[in-house]
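One-letter residues, chain by chain:
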Amino acid sequence: MRTRLVGFTAALMLAVLGAAVPVAHAVVPAVTGPTCVKGKGSVEYDSGTGLWTCIGGKYDGQSITTS
């Protein structure tokens, strides 16, 4: 009986976390190249991560979206 309770609790927690991640991701503002430049930053490619990043300005360190 304890094993079922632990398994059910773990499954419930994973379901809650799985539902919360897309919501948290949607809260992050999408920064585009022009938005970064308007915020006094520059767009640079990070070959280590394979992502475009805003360097300097209002959006310093934020990932650049392609949309």
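Residues numbered from 1 in each chain as written. Predicted model: local features only at pLDDT ≥ 70, side-chain atom pairs only at ≥ 80, totals over all residues. Heavy atoms only, no water.

Trainee: How should the pairing of strand β1 (residues 42–46) be read in this particular structure?
Mentor: In regular strands, side chains alternate between the two faces of the sheet. Here five bridges tie β1 to strand β2 (residues 51–55), and the two strands are oriented antiparallel to one another. Paired with Val43 across the bridge in β2 is Cys54. Hairpin connection between β1 and β2: a loop of four residues separates the two successive antiparallel strands, and Gly50 in this loop has a positive phi of roughly 80°. (Pairing = 2+ DSSP bridges. Helix = DSSP H or I, 4+ residues; strand = E, 2+ residues; numbered from the N terminus.)

Trainee: Which parts of the structure should I look at to understand the environment of Thr53?
Mentor: When you line up the elements, Thr53 lands in strand β2. Separated by 21 residues in the primary sequence, Thr53 and Thr32 place their C-alpha atoms 9.5 Å from one another. Aside from chain neighbours lying at most four places away, what touches Thr53 is Ser42, Val43, Glu44, Asp46, Gly61, Gln62 and Ile64. (Contact = heavy atoms within 4.5 Å.)

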